[in-house]
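# Structure assessment
In case you want the letters, here they are:
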Amino acid sequence: MNMAVQIAAPGGPEQLQLVEVAVGEPGPGEVRIRHKAIGLNYIDVYQRSGLYPLAMPLNLGMEGAGVIEAVGPGVAHLQVGDRAAYTSNPPGSYCEARVMPADRVCRLPDDIDFETGAAMMLKGLTAQYLLKKVKPVEGLEAGDFVLFHAAAGGVGLIACQWARALGLQLIATAGSDEKCQLALANGAAHAINYRSENFAERVQEITAGAGVKVVYDSVGKDTWEGSLQCLRTFGLMVCFGNASGPVPAFAPSLLAARSLYITRQTVYNHIATRASCQAMADDLFAVVQSGAVKIHIAQRYALRDIQQAHRDLEARKTTGSTILTL
């Protein structure tokens, strides 16, 4: 038997309950992993609230790290005893151990600890595809300006550091002066407190009226209109989250004045195959091992305190990465 966090119906943090569930043997293409640490992400809130509808009862959690306990038929890249980390569907990482598909589970290098592994897979792979794969039509080169919202969060702090390593001038937004300073300390070229400044006007000042090539936006409704104002001609709006709510419906003609592009991305399309997942993970592991990107774990909650962890996450009280401990 195994303790896991489960919800019986969509709703608030009070729906999160610690329950006892059975854990069996892995079938073909599966492994059983015993967690050492678990990652907390905003997608967990979307699934808990019902914004992303899923069948109930639902075991939550998309990210974790631990030790492989059993390997099912057909799994060649993992062995019993391997240290491993993942971000993967279906959800279910808020638990002591689980059986899950092996394709998105990667061997964790010996010099990366379990807490770092649990804190960086979803967020780090997201930063990887955003900066390396989702590019404007004119490409990205060293010296180019990009705008990154919620830059003091888990994905944002990784992106700040990785963008600096790539030579990009990342303009960060955050909701407090302290969070802006955190983004600057992690490689942002400029930081804007959107609570005290008009970020669209500040972006125009910073770029001398040219605008940015790309906006990376996980906030959604609250930043949508201002983000479009920040883009240069042929600029790209990359939506990858809805922390403030979904973007409202809009007419395509809204993009016409500067021939703008817009895309809605998710990490799980980018890691849809074993090969693509491993290649992206190898890139992430390498940049962390080099020291160019450090994973900041700013909060730790015991698994039994999962309700408080969700409250703090939704209240934007967290910075960097958050993990659940066992």
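Located above this text is the structure these notes cover.
Residue numbers run consecutively from 1 along every chain, following the written order of its sequence. Per-residue local features are limited, in this predicted model, to residues with pLDDT of at least 70; the limit for side-chain atom pairs, both in listing and counting, is 80 or more; totals at the level of whole chains, interfaces and linings are taken over all residues. Just so you know, side-chain values use all the structure's heavy atoms and leave hydrogens and water out.

## Some words on a nonpolar patch on the surface
Nonpolar side chains (Val, Leu, Ile, Met, Phe, Trp, Tyr) are joined into patches within 5 Å and like charges within 9 Å, using only residues with over 30% relative accessible area and no salt bridge. In these tables, accessible area is a Shrake-Rupley quantity obtained with a 1.4 Å probe, and a residue counts as shielded only by the protein chains included in the view. In what follows, salt bridge is the name for a side-chain nitrogen of Lys or Arg lying within 4 Å of a carboxyl oxygen of Asp or Glu. Taken together, Val-137, Phe-234 and Tyr-261 make up a surface patch of nonpolar side chains, about 290 Å² in accessible area. Each helix is a run of H or I in the DSSP string that is no shorter than four residues. Each strand is a run of E no shorter than two, and both are numbered from the N terminus. With respect to the helices, strands and loops of the structure, Tyr-261 is situated in strand β14 (residues 261–264).

## Brief notes about the environment of Leu-147
If you trace the backbone, Leu-147 turns up in strand β9 (residues 145–148). Contact between two residues is taken to exist if any of their heavy atoms lie within 4.5 Å; hydrogens are not considered. For Leu-147, the contacting residues outside a window of four places in its chain are Ile-171, Thr-173, Phe-199, Val-203, Val-212, Val-214, Val-215, Tyr-216 and Cys-230.

## Describing helix α3 (residues 154–165)
In this model α3 runs 17 Å from its N-terminal to its C-terminal C-alpha over twelve residues, within 8% of the 16 Å that 1.5 Å per residue would give. Burial classes: relative accessible area under 20% of the type maximum marks a residue as buried, over 50% as exposed, and values in between as partly exposed (1.4 Å probe, protein chains only). Burial analysis of α3 places ten of its twelve residues in the buried class, which makes it a mostly covered element. Residues of α3 that are buried include every one of Gly-154, Val-155, Gly-156, Leu-157, Ile-158, Ala-159, Cys-160, Gln-161, Trp-162 and Ala-163, and no others. The inward-facing, buried residues of α3 contact α2 (114–132), β9, β10 (169–174), α4 (177–185), α8 (274–289) and β16 (321–325). In the segment just after α3, Gly-167 is the residue with positive phi, at about 85°. The length a helix should cover is 1.5 Å for every residue beyond the first.

## A few points about the sheet that holds β9
As summarised here, the arrangement of the six strands in space is β11-β10-β9-β12-β13-β14, forming an open sheet in which the pairing is parallel. One side of each edge strand has no neighbouring strand; the edge strands of this open sheet are β11 (190–193) and β14. For this sheet, the mean inter-axis angle between neighbouring strands, taken without regard to orientation, is 15°. Strands pair, by our definition, only if DSSP identifies at least two bridges between them. Where β9 lies against β10, four bridges are found, and the strand directions are parallel. Paired with Phe-145 across the strands is Gln-169, a residue of β10. Axes, fitted as lines to C-alpha atoms, cover a helix only where it is in contact. Angles between the N-to-C directions of the axes lie from 0 to 180 degrees. Across the sheet, helix α5 (residues 199–206) touches β9, β10, β11 and β12 (212–217), and the angle it forms with β11 is around 155°.

## Remarks on the nonpolar core
As used in this record, nonpolar core signifies buried Ala, Val, Leu, Ile, Met, Phe, Trp, Tyr and Cys residues forming a set joined through side-chain atoms within 4.5 Å. Membership of the largest hydrophobic core comes to 55 residues, with the highest contact counts inside it found for Met-121 and Tyr-216. Broken down by element, this core gets its largest block of residues, eleven residues, from α2. Setting aside anything within four residues of it in sequence, one finds Tyr-216 in contact with Leu-130, Leu-131, Val-134, Leu-140, Val-146, Leu-147, Phe-148, His-149, Val-238 and Phe-240.

## Concerning the sheet that holds strand β2 (residues 17–21)
An order of β2-β1-β4 is seen for the three strands of this open sheet, with the pairing classed as antiparallel. One side of each edge strand has no neighbouring strand; the edge strands of this open sheet are β2 and β4 (58–59).

## Brief notes about the pattern of salt bridges
Scanning all chains against the criterion turns up 14 salt bridges. Between Glu-314 and Arg-48 there is a salt bridge, with its nearest N and O atoms 3.0 Å apart. In this pair, Glu-314 sits in helix α9 (residues 306–314) while Arg-48 sits in helix α1 (residues 42–49), placing the two residues 266 residues apart along the sequence. In this structure Glu-314 comes out as partly exposed when scored by relative accessible area, which is 31%.

## Things to note about the packing of aromatic side chains
Between the rings of Phe, Tyr and Trp (Trp by its six-membered ring), a pair exists once the centres lie within 6.5 Å; its type follows the angle of the planes, with under 30 degrees stacked, over 60 edge-to-face, and the other angles tilted. In the structure shown here, the tally under the stated rule is five aromatic pairs. Each ring, one from Phe-148 and one from Tyr-216, has its centre 5.6 Å from the other, and the planes form 40°; the classification is tilted. Of this pair, Phe-148 sits in strand β9 while Tyr-216 sits in strand β12; the two residues are 68 residues apart in sequence, bridging distant segments of the chain. Under the relative-accessibility criterion, Tyr-216 is labelled buried at 0%. Judged by centre distance (4.8 Å) and plane angle (45°), the rings of Trp-224 and Phe-250 are tilted. Of this pair, Trp-224 sits in helix α6 (residues 224–230) while Phe-250 sits in the loop between β13 (231–239) and β14, and the two are 26 residues apart along the sequence. Taking relative accessible area as the criterion, Trp-224 reaches 3% and is therefore assigned buried. By relative accessible area, Phe-250 is classed as partly exposed at 33%. Here a set of aromatic residues connected by ring pairs shows up, and it is made of Tyr-42, Tyr-46 and Tyr-52.

## Let's talk about the side chain of Ser-321
Residue position: Ser-321 is located in strand β16. Contacts described as polar in this section are N or O atom pairs within 3.5 Å, which, within protein, must combine one atom able to donate a hydrogen with one able to accept it, while residues neighboring in sequence count only if both atoms come from side chains. Side-chain polar atoms of Ser-321 contact the backbone oxygen of Ala-119, separated by 3.3 Å. Ignoring anything within four residues of it in the chain, the contact list for Ser-321 reads Ala-119, Lys-123, Gly-154, Ile-295, His-296, Ile-297, Ala-298 and Gln-299.

## Quick notes on unusual backbone geometry
The residue after Met-56, namely Pro-57, is reached through a cis peptide bond having omega -5°. Residue Pro-90 is reached from Asn-89 by a cis peptide bond, and omega for that bond is -5°. Mapped onto the elements, Pro-90 comes out in the loop between β6 (83–87) and β7 (97–101). Within the chain, Phe-234 stands out as a residue other than glycine whose phi angle is a positive 65°.

Spatial relationships are all this shows, so hold off on functional conclusions.
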